[in-house]
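Chains, contacts and geometry: an overview
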Amino acid sequence: MEKLFGKTVDMLSTMMEYQSKRHKLIAANIANIDTPGYKPKDIVFKKELDGMMCGEKTVVMDKTNPGHLSSGDYSEYEVIKSGDSVNIDKEMTRLAENNLRYNLSVELLARKFKSLTTVLREVK
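Below you will find a few notes about this structure. (Residues numbered from 1 in each chain as written. Predicted model: local features only at pLDDT ≥ 70, side-chain atom pairs only at ≥ 80, totals over all residues. Heavy atoms only, no water.)

On the surface, I33, I88 and M92 cluster together into a nonpolar patch covering about 230 Å² of accessible area. Residue placement: I88 occurs in helix 5 (residues 88-123). The partly exposed category is assigned to I88, whose relative accessible area is 35%. (Patch = residues over 30% accessible without salt bridge, like charges linked within 9 Å, V, L, I, M, F, W, Y side chains within 5 Å. Areas by Shrake-Rupley, 256 points an atom, 1.4 Å probe, with all protein chains shown as cover. Salt bridge = Lys/Arg side-chain N within 4 Å of Asp/Glu carboxyl O. Helix = DSSP H or I, 4+ residues; strand = E, 2+ residues; numbered from the N terminus. Buried < 20%, exposed > 50% of the residue type's maximum accessible area, 1.4 Å probe, protein only.)

What follows is the structure in structure tokens.
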């Protein structure tokens, strides 16, 4: 697919997948706001981005407890505890920011396909 679309489509697809998984994790934080002892979680991605984009690095999670997320869900990302307790304002802010980033990725992907469509029409 890289020969046809370049690296852009793969990169945007990866970003959309990350943002979708992060959305689920933030939503779980919000859903557990009243759960005693629950620690909010987040996915570390920014520091791993360079290594992943170059194909040099991947993050592998260990499942040490049956209650942990399966590695199939977040195999490329590291899930960390992001605070002492769930703060609804922080979580809603992170959810809104993540939503904007997802929408940006979708828009950029749509523009990429639109430009390819334009090129194909001009070739006719």
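With respect to the secondary-structure elements, H23 resides in helix 2 (residues 7-31). Here H23 falls in the partly exposed class, since its relative accessible area comes to 37%. The spacing of H23 and A96 is 73 residues in sequence and 9.3 Å in space, taken between C-alpha atoms.

On to helix 2. When the terminal C-alpha atoms of helix 2 are compared, their 36 Å separation across 25 residues agrees well with the 36 Å that a helix rising 1.5 Å per residue should span. Looking only at helix 2, the buried set comprises V9, L12, M16, Y18, Q19, K21, R22, L25, I26 and N29. (Expected span 1.5 Å × (residues − 1).)

Before going further, it helps to examine the environment of R94. Within the secondary structure layout, R94 lies in helix 5. Each C-alpha atom, one on R94 and one on R22, is 9.4 Å from the other, the two residues being 72 residues apart in sequence. Within the local environment of R94, its side chain forms a polar contact with the backbone oxygen of K41, the two atoms lying 3.2 Å apart. (Polar contact = N/O pair within 3.5 Å; in protein donor to acceptor, adjacent residues only side chain to side chain.)

As a further point, take the packing of helix 2 against helix 5. It is the contact of helix 2 with helix 5, at a shortest axis distance of 9 Å, that shows an interaxial angle of 160°. As summarised for this structure, helix 2 and helix 5 are arranged roughly antiparallel, according to the angle between their axes. By crossing handedness, the relation of helix 2 to helix 5 is classed as left-handed. Residue composition of the contact of helix 2 with helix 5, by class: 14 nonpolar, seven polar and five charged. (Axes fitted to C-alpha atoms, helices over the stretch in contact; angles between N-to-C directions. Parallel < 35°, antiparallel > 145°, perpendicular 65-115°, else oblique. Left-handed = near helix turned anticlockwise from the far one by under 90°. Nonpolar A, V, L, I, M, F, W, Y, C, P; charged D, E, K, R; others polar.)

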